[in-house]
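Coordinate inspection notes
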Amino acid sequence: MKNAKELQAILSGIYLLNHVAENPNPELEKLCEYAFRHCLESNTAMLLIAAIGQDYVSMKEQVNTLLQRETKFKKEMGELL
């Protein structure tokens with residue numbers, strides 16, 4: 001897989017934004033949980049700790065920072081809306 005190293009950052013962003021969303025999508029959470037456990041051989045425990053006390057806006061800023069640091073997302077897609 002090309003750029004597999006970016007996968008963890010991207011999945012983390014999706015998982016975190018979904019987790020702090022006003023109406024989290026349970027199917028998206030299950031898909032991310034599966035990907036972390038079976039594809040990346042990790043879990044979401046530390047991500048859940050990072051989300052404590054966060055709202056969607058503050059989490060989106062942190063996810064943008066993560067994506068900028070770990071991926072080429074901003075260069076190719078811009079920032080998250």
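What counts and how
Residues numbered from 1 in each chain as written. Predicted model: local features only at pLDDT ≥ 70, side-chain atom pairs only at ≥ 80, totals over all residues. Heavy atoms only, no water. Helix = DSSP H or I, 4+ residues; strand = E, 2+ residues; numbered from the N terminus. Rg over C-alpha atoms; globule rule 2.2 N^0.38 Å. Buried < 20%, exposed > 50% of the residue type's maximum accessible area, 1.4 Å probe, protein only. Contact = heavy atoms within 4.5 Å. Lys, Arg positive; Asp, Glu negative; His and termini not counted. Charge placed at Lys NZ, Arg CZ, Asp CG, Glu CD. Patch = residues over 30% accessible without salt bridge, like charges linked within 9 Å, V, L, I, M, F, W, Y side chains within 5 Å. Areas by Shrake-Rupley, 256 points an atom, 1.4 Å probe, with all protein chains shown as cover. Salt bridge = Lys/Arg side-chain N within 4 Å of Asp/Glu carboxyl O. Phe/Tyr/Trp six-rings, centres within 6.5 Å; stacked < 30°, edge-to-face > 60°. Core = buried A, V, L, I, M, F, W, Y, C linked by side-chain atoms within 4.5 Å. Axes fitted to C-alpha atoms, helices over the stretch in contact; angles between N-to-C directions. Parallel < 35°, antiparallel > 145°, perpendicular 65-115°, else oblique. Left-handed = near helix turned anticlockwise from the far one by under 90°. Nonpolar A, V, L, I, M, F, W, Y, C, P; charged D, E, K, R; others polar.

**As for the overall build of the chain**
Broken down by element type, the chain carries five helices and zero strands. Walking the chain from its N terminus toward its C terminus, one meets helices and strands in the order α-α-α-α-α. Since a compact globule built from 81 residues should have a radius of gyration of about 12 Å, the 12 Å found for the chain is in line with a globular shape. Overall, the chain is about 30 × 30 × 20 Å in size when its C-alpha atoms are taken along their principal axes. Looking at the chain as a whole, 28% of its 81 residues are labelled buried. Here the analysis covers contacts within the chain between residues at least 6 apart in sequence; of these, 57% occur between residues at least 24 apart. For the chain, the centre of its 9 positive side-chain charges and the centre of its 11 negative side-chain charges are spaced 9 Å apart.

**Concerning a nonpolar patch on the surface**
A cluster of nonpolar residues, Ile-10, Ile-14, Leu-28 and Leu-31, forms a patch on the protein surface that exposes about 320 Å² of accessible area. Breaking the nonpolar patch down by element, the ones donating at least two residues are helix H1 (7–20) and helix H2 (26–39). Positionally, Leu-28 belongs in helix H2.

**Here's the deal with the packing of aromatic side chains**
In the structure shown here, the tally under the stated rule is one aromatic pair. Judged by centre distance (6.3 Å) and plane angle (75°), the ring pair of Tyr-15 and Phe-36 falls under edge-to-face. Highlighted residues: Tyr-15 in helix H1 and Phe-36 in helix H2, separated in sequence by 21 residues. Per residue, the accessibility class of Tyr-15 equals that of Phe-36, and both read buried.

**Topic: the nonpolar core**
Counting residues in hydrophobic clusters, the biggest one holds 13 residues, and the most contacted among them are Leu-16, Met-59 and Val-63. If you list the elements that add at least two residues to this core, you get H1, H2 and helix H4 (56–70). By residue number, the principal contributor to this core is H1, which donates five residues. In contact with Leu-16, not counting residues within four places along its chain, are Leu-47, Ala-51, Met-59 and Val-63.

**Regarding the packing of H1 against H2**
Close contact between H1 and H2 brings their axes to 10 Å; oriented N to C, the two are set at 150°. Considering the angle they form, H1 stands roughly antiparallel to H2. Once H1 is placed against H2, the crossing between them reads as left-handed. Contact with H1, carried on its side by Gln-8, Leu-11, Ser-12, Ile-14, Tyr-15 and Asn-18, involves Leu-28, Glu-29, Cys-32, Glu-33, Ala-35 and Phe-36 of H2 and no other residues of that element. A per-class count over the contact of H1 with H2 returns seven nonpolar, three polar and two charged.

Honestly, it's all geometry; don't read function into it.
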